[in-house]
Structure formats: structure tokens, C-alpha cells
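A structural walkthrough
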Amino acid sequence: MNAVRLLPVAGALAALLAAVWAGLVRLGLPLPVPLAQWPLMHAALFGCGFFGTVIALERAIAYGREAAFAVPLANATATVVALAGLWELALYIWVGAGVGLVVVAFLQARAIREPYADVLTLAASFLPLAAVFVLGGHGTAAALSWIAFLVLTIAAERLELSRVMPRPAWATALPPLLAFALAVPVWFAVSHPLGAQRGLALALLAWVAWLARFDVIRITLRRPGQPRFTAVCLISGYAWLAIAAIVLGAANAPLGAGDAAYDAVLHAVFVGFVMSMLFGHAPIILPAITGWRPRVRPALYLALAVLHLSVALRLSGDAVGLTSLRQTGGVIHVAALVLYALLLVQGGGTRIRLSAPAKR
């Protein structure tokens, strides 16, 4: 693996480890804190540092141009800058890297001319917006932006993979409208926070309904091995996304840090939904990024089950107001990630040849 791939991968892993550590500190676990602001960086390290870098690297590989790799490199650099204590500078770099991702996604969309590529471009626009919201002190708006970024990115990728599914004309025309319906509430998250929450909740439920009906998982669920594992990950992830949308839409006031409902929504989305997607897609994405194709084994279902148990415990703690239950769920989040990584590596795999990006 050459440097343009290795450095972003290293940066993404550093962001993931730092975000997990910060999350455990926020839960009240007695862990050392190298920087006083580290716990406050938890969401940004996940949203921009980890997922932003991984998705930017995936987009650069798909675009196939050498210049596009500057985006994941910048994202990874921002993580290093943040962990060095230069928090505000890191956010500005994340804004710039996010704009770069929008440019790459737009150029790719022009070349592909498919609806899913336009949704990917819209999704990318929420990465720099989230960093801008953090800089402005709007934490909840930033969280909604990361939700839009990740949900639309995953939805677009499922649209791409589900093009083979037969569906009526209205169902083919609907995803761009659903993407716009999801985007609009987030644009007004600062000026109209409660309306934004309810609008986003409705859009999320609409996406869950569309994906549940038209995603290719209806076919892959019947196939053994990796296709079935990915389908199970997706189905369970969609369930958590629906739960998050219901909690978000039921709130009678704007949510904020410290609210039980806020904690439930974010972790149902980022752990229950997004991490389920990560578990399901890692065996597909890793070969393109690292040149290693892991072997999917039934043991991976154990890690998935532990992940969902952790989310159920955390949301139960939010519902009944038990901090100890939330903490237990948070610790098991980490255990599920570690278990998944160990099972994936232990299962072995094969090496493949990576294609070199075209110069530009």
C-alpha cells in the first residue's frame, strides 16, 4: 500500500481510537485525558476525522485521479493537528478538506451522470458544513449535518448497488427528492432547530421505507457468505435508523448535549446504523483501500450481535435515566469494534493488486 493510501488509513485509525477514548471519558470512565478539550472533540473526530477520511479515500479511489488523494490526506492531517491541541486550526482544515470532497464528488458526478452520484455530491456538502457549525458553536446543528453526510452517503451507495433491482418509475425518481427533503431541514438547523429535527426525522423514515422496499438486500439475503452478512448488517442498521428518527421526531424541544434523547438519537445513528454499515461493507471496501480481501466467516455475526446489544443497552439507559446502563452500553460499543477487527483479521484473506491512480 503506497503512501497516498497508507497515510489516510493511519489518520483514520488514529481518529477512531481518539474518538473512542474521548467517548469513554464523556461517559464518566476514569481514563487519563491528554488534552482538556479532548472529550469535546469526540463527535468531530468520528464525523470528520474517521468517517470523513475513510469516505474521502473511497471517493478518491473511485475517481481514480492522483490529485483527489489530497482530500483524505488533508483530512488525516487535520486529525493530527487536532490531537496536537490545535483544535480550531484542525476544524478549518476539515472545512477545506470537506470542500475538496465536494469538488471530487461533483467531478465524478459529471463523469457518471447517474442520480446516485448527485446524491453523493449533496452528501459531501454536509461534511464542511458540520465543521462550520462546530466553529460557530452550534453542536446540535453539527450533529444533524454529520447524520445527513453519513445517511446520504450510505443511501447513495445503496442506490448504486441496487440499480439492478426492478422497480416502478416513481421509485426510481424518488431518491433525489428524498435527498433534498433530508437536506433542507439541516440547512435550517440553527434558525429553526425544532422544525429541523422533525423534518429530518420524516426524511429519515422515508429513506428507511424506500431502502427496505427497493434495496438489493432482498436478493443478497438469500445468498450465503459475504452477501448475506452484508444484508443482515444493513437490515439491522435500517431498524436503528428508524428508531433514531422516531426519537428525534417525538422530541418536544430542540435537543442538545446532555439530553437523553440526544444521546439516544446520535448513538442509534452512528453506532446502530453507521457501524452496522461499516461491519457489512468493510469486506467490500478494504480490498480497494488496502489490497487485502478478508474472508467473511459466520463468527462475524457474533460481533454484529454484540454491537446491537450495546446500542440496546445504551438506549435503555437513556430511556430510564440509568447512567450505569449507558456506560455499560458504551463500553460494549468498544468491545464490539475490537471483536469485529480481531475476527476479521483472524479469518485471514487474500492479497490483491491495487491499481495506481491516474496522474492529473
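Rules used in this analysis
Residues numbered from 1 in each chain as written. Predicted model: local features only at pLDDT ≥ 70, side-chain atom pairs only at ≥ 80, totals over all residues. Heavy atoms only, no water. Core = buried A, V, L, I, M, F, W, Y, C linked by side-chain atoms within 4.5 Å. Buried < 20%, exposed > 50% of the residue type's maximum accessible area, 1.4 Å probe, protein only. Helix = DSSP H or I, 4+ residues; strand = E, 2+ residues; numbered from the N terminus. Contact = heavy atoms within 4.5 Å. Phe/Tyr/Trp six-rings, centres within 6.5 Å; stacked < 30°, edge-to-face > 60°. Salt bridge = Lys/Arg side-chain N within 4 Å of Asp/Glu carboxyl O. Expected span 1.5 Å × (residues − 1). Axes fitted to C-alpha atoms, helices over the stretch in contact; angles between N-to-C directions. Parallel < 35°, antiparallel > 145°, perpendicular 65-115°, else oblique. Nonpolar A, V, L, I, M, F, W, Y, C, P; charged D, E, K, R; others polar.

**A look at the nonpolar core**
Counting residues in hydrophobic clusters, the biggest one holds 127 residues, and the most contacted among them are Trp94, Ile147, Leu182 and Trp207. When residues of this core are assigned to their parent elements, the largest contribution, 16 residues, is made by helix 12 (residues 260-290). Those residues in contact with Trp207 that sit more than four places away from it in its chain are Leu152, Ala155, Leu159, Pro175, Leu178, Ala179 and Leu182.

**Here's the deal with the packing of aromatic side chains**
Counting across every chain of the model gives 10 aromatic pairs. A centroid spacing of 4.8 Å and a plane angle of 65° characterise the contact between Phe50 and Phe51, whose relative ring orientation is edge-to-face. For the ring pair Trp210 and Phe214, a centre distance of 5.3 Å and an interplane angle of 45° mean the geometry is tilted. Here the residue Trp210 and the residue Phe214 both occupy positions in helix 9 (residues 193-214), the gap between them amounting to four residues, near one helical turn. Assigned by exposure class, Trp210 and Phe214 land together as buried.

**Section: the pattern of salt bridges**
With the rule as written, the count across this model stands at four salt bridges. In this structure, Arg158 and Asp215 form a salt bridge, with 2.8 Å as the shortest nitrogen-oxygen distance. With Arg158 in helix 7 (residues 139-161) and Asp215 in the loop between helix 9 and helix 10 (217-220), this pair connects stretches of sequence that are 57 residues apart. The exposure class assigned to Arg158 is buried, which follows from its relative accessible area of 4%. A salt bridge links Asp263 to Arg326, with the nearest nitrogen and oxygen atoms 3.2 Å apart. Highlighted residues: Asp263 in helix 12 and Arg326 in helix 14 (residues 323-346), separated in sequence by 63 residues.

**Overview of helix 9**
Compared with an ideal rise of 1.5 Å per residue, which puts 22 residues at 32 Å, helix 9 spans 31 Å between its outermost C-alpha atoms and is within 8% of the ideal. Listed in full, the buried residues belonging to helix 9 are Ala196, Gln197, Leu200, Ala201, Ala203, Leu204, Trp207, Val208, Trp210, Leu211 and Phe214.

**Focus on unusual backbone geometry**
A positive phi angle, close to 55°, is found at Arg113, a residue other than glycine. Residue placement: Arg113 occurs in the loop between helix 4 (87-112) and helix 5 (115-124).

**Description of the packing of helix 4 against helix 5**
Helix packing geometry: the angle between the two helix axes and the distance between the axes. As a packed pair, helix 4 and helix 5 sit with axes 8 Å apart at the nearest point and diverge in direction by 170°. Comparing the axis directions of helix 4 and helix 5 gives the class roughly antiparallel. Facing helix 4, whose interface residues are Gly98, Leu101, Val102, Ala105, Phe106, Ala109 and Ile112, helix 5 presents Tyr116, Ala117, Asp118, Leu120, Thr121 and Ala124. Of the residues assigned to the contact of helix 4 with helix 5, the class counts are 10 nonpolar, two polar and one charged.

**A closer look at helix 7**
With 23 residues, helix 7 extends 33 Å from end C-alpha to end C-alpha; this agrees with the ideal 33 Å at 1.5 Å per step. Most of helix 7 sits inside the fold, with 19 of its 23 residues counted as buried.

**Things to note about the environment of Leu182**
Inspection of the secondary structure puts Leu182 in helix 8 (residues 169-187). You can call Leu182 buried: its relative accessible area is 0%. Between the C-alpha atom of Leu182 and that of Val80, which follows or precedes it by 102 residues, the distance is 32 Å. Ignoring sequence-local partners within four residues, the contact set of Leu182 consists of Ala148, Val151, Leu152, Leu200, Ala203, Leu204 and Trp207.

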